[in-house]
Amino acid sequence: MQNLFQFLKKFRNFLLFIILQIFVLGLFINSKDFHRSQMTNTSSSLVGWFIEKRYNITKHFNLSAANDSLVAANAALKEQLPDSFYPLQGSIFYVNDTLKKQQFQYIPATVINSSNNKINNYYTLNQGSAQGIEIGMGVISDNGVIGQIIDVSEYYSIVMTVLSDDIKVNVKLAKNNEYWLLNWNGKDSEIGQIEDVKRDVPLTVGDRVITRGGDTQFPEGIAVGTIDEIVSEDGDQTISLNIKLDVNYNAVYHVYVVKNLMRQQQLEIEERILSEDQ
Amino acid sequence: MNSPWIKYSAYFVLIVLIQGLVIQNIQINEYLNPMIYPVMILLLPFELNVIATLLVALILGLSVDAFGNGFGLNASATLVIAYLRPSLLKLIKPRDGYDTTLLPTIHDMGKLWFLSYATSLLFIHHLWFFTVEIFRFDLFFLILTKTLSSVVFSLLLIVLFQYIFYKPSKK
């Protein structure tokens, strides 16, 4: 007993260090596991308040870039207005759409905090569960795919961007619907990676890559990027692709959170199949 | 007698806000991730014992973590330098020991002493930080590049911070 106390006294600094270290590393690993709901991050209200105040000051620095992207989006939308079409036939028609039902709605939000130099990168958005945002929703911008909601509080939410080691996006080749997973290796914020591509797929540098859809998060056909480089090593069964991403993740101000009205249905039916298999 | 505590608390709040609201948003490229908050641990008095240093490090780290995502990472790296600081101070002790009326600042201890002291602690801090963050051995060179480039940047910020906010202690 005496020895034990002697031992504890001698090594108390080291023991305290180890205990605290285990505690904080536990917190860190827990926060990486974004499927659990309990997290402490910038969606908490005190820090959220500070960040919102800072954003109110710094948002003016980016106004011209933000305006340019909004103007471009406006122009693209204007092209689709009825006014910009020339009527080829003067007939009267009546629309009662029984063939199509709305599947996606978009919740606009603004990025108030962001990172792009970590191994997992996040945006903080100024909209939260009060506006209908839920964990697991996809996020897109005018230029392309952004990421996935991993945490929400009442007025803020956290997006894990495509520039994350822990996130994989379902993508496909625009020209022939061959599909893969897009990954990011933590190095260059302009280049994403696709691995395990079969050698017999016809590919050329410059081919468009878009989202595949069907994963409940993104609609089909959202821009992702273009093939920048085809990396093939001798002896490997498969090749990998470097994808030049369309979105400049250092300059994203306005995003849309994708609300899939049929998500619940799809998850339920997929769950049923999985549980029958077991 | 209360004045040192008030002074250190004020520095604490100042450093956490500078780190969380300004420095964290300096994102020049993937390899630069500067940090100023280790200055709080670096400039604690010489004679402060390990347990108190560890507690300061824990609160400091968790406060900085609250401004980012990935809670606990900064705290972990700060605890490591807090634990190693007394040993390092013993290692680089001047011949006649430390004058406890002085602080380990660049003004009191001289440029050469401070730079060797700060560089070694910052290197340990950043190496631990990026290793835990990335945690992949095939990316070892990425970890090393990030560490070395960020140490240089952080060191600049920390020296600058002292010239702005610290005065030499009275002799």
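Each remark here, short or long, concerns the structure printed above.
Definitions and limits used
- Residues numbered from 1 in each chain as written.
- Chains lettered and ligands numbered in written order.
- Predicted model: local features only at pLDDT ≥ 70, side-chain atom pairs only at ≥ 80, totals over all residues.
- Heavy atoms only, no water.
- Helix = DSSP H or I, 4+ residues; strand = E, 2+ residues; numbered from the N terminus.
- Buried < 20%, exposed > 50% of the residue type's maximum accessible area, 1.4 Å probe, protein only.
- Areas by Shrake-Rupley, 256 points an atom, 1.4 Å probe, with all protein chains shown as cover.
- Contact = heavy atoms within 4.5 Å.
- Buried area = accessible area lost by both parts, 1.4 Å probe.
- Salt bridge = Lys/Arg side-chain N within 4 Å of Asp/Glu carboxyl O.
- Polar contact = N/O pair within 3.5 Å; in protein donor to acceptor, adjacent residues only side chain to side chain.
- Nonpolar A, V, L, I, M, F, W, Y, C, P; charged D, E, K, R; others polar.
- Axes fitted to C-alpha atoms, helices over the stretch in contact; angles between N-to-C directions.
- Left-handed = near helix turned anticlockwise from the far one by under 90°.

1. Here's the deal with the overall build of chain A
Scanning chain A for helices and strands turns up five helices and twelve strands. Relative to its 278 residues, chain A shows a buried fraction of 41%. Surface exposure of chain A reaches about 16,700 Å², of which carbon and sulfur atoms provide 53%.

2. Quick look at the interface of chain A and chain B
Interface size is often expressed as the accessible area that is lost when the parts come together. Between chain A and chain B, the contact holds 36 residues from the first and 36 residues from the second. For the pair chain A and chain B, the two sides together bury roughly 3,400 Å², of which 63% comes from carbon and sulfur. Our count for the chain A to chain B interface comes out at one salt bridge. For D165 of chain A, the salt bridge identified is with R136 of chain B, shortest N-O distance 2.9 Å. Where chain A meets chain B, there are six residue pairs in polar contact (both at pLDDT 80 or more). Sorting the residues of the side of chain A that touches chain B by element identifies helix 2 (12-32), helix 3 (45-58) and strand 1 (104-114) of chain A as the ones contributing at least two each. Element by element, the count of residues in the side of chain A that touches chain B is highest for helix 2 of chain A, at 14 residues. Of the residues that constitute the side of chain A that touches chain B, the class distribution is 15 nonpolar, 14 polar and seven charged.

3. Quick notes on the packing of helix 1 (residues 3-22) of chain B against helix 3 (residues 50-65) of chain B
Residue and element names in this part refer to chain B. Orientation of helix 1 relative to helix 3, taken along the N-to-C sense of each, is 35°, at an axis distance of 9 Å. Crossing geometry of helix 1 relative to helix 3 is assigned as right-handed. The segment helix 1 lies against helix 3, with F12, V16 and Q19 engaging I59, L60, S63 and V64. Looking at side-chain class alone, the contact of helix 1 with helix 3 contains five nonpolar, two polar and no charged residues.

Purely geometric numbers; function is a separate question.
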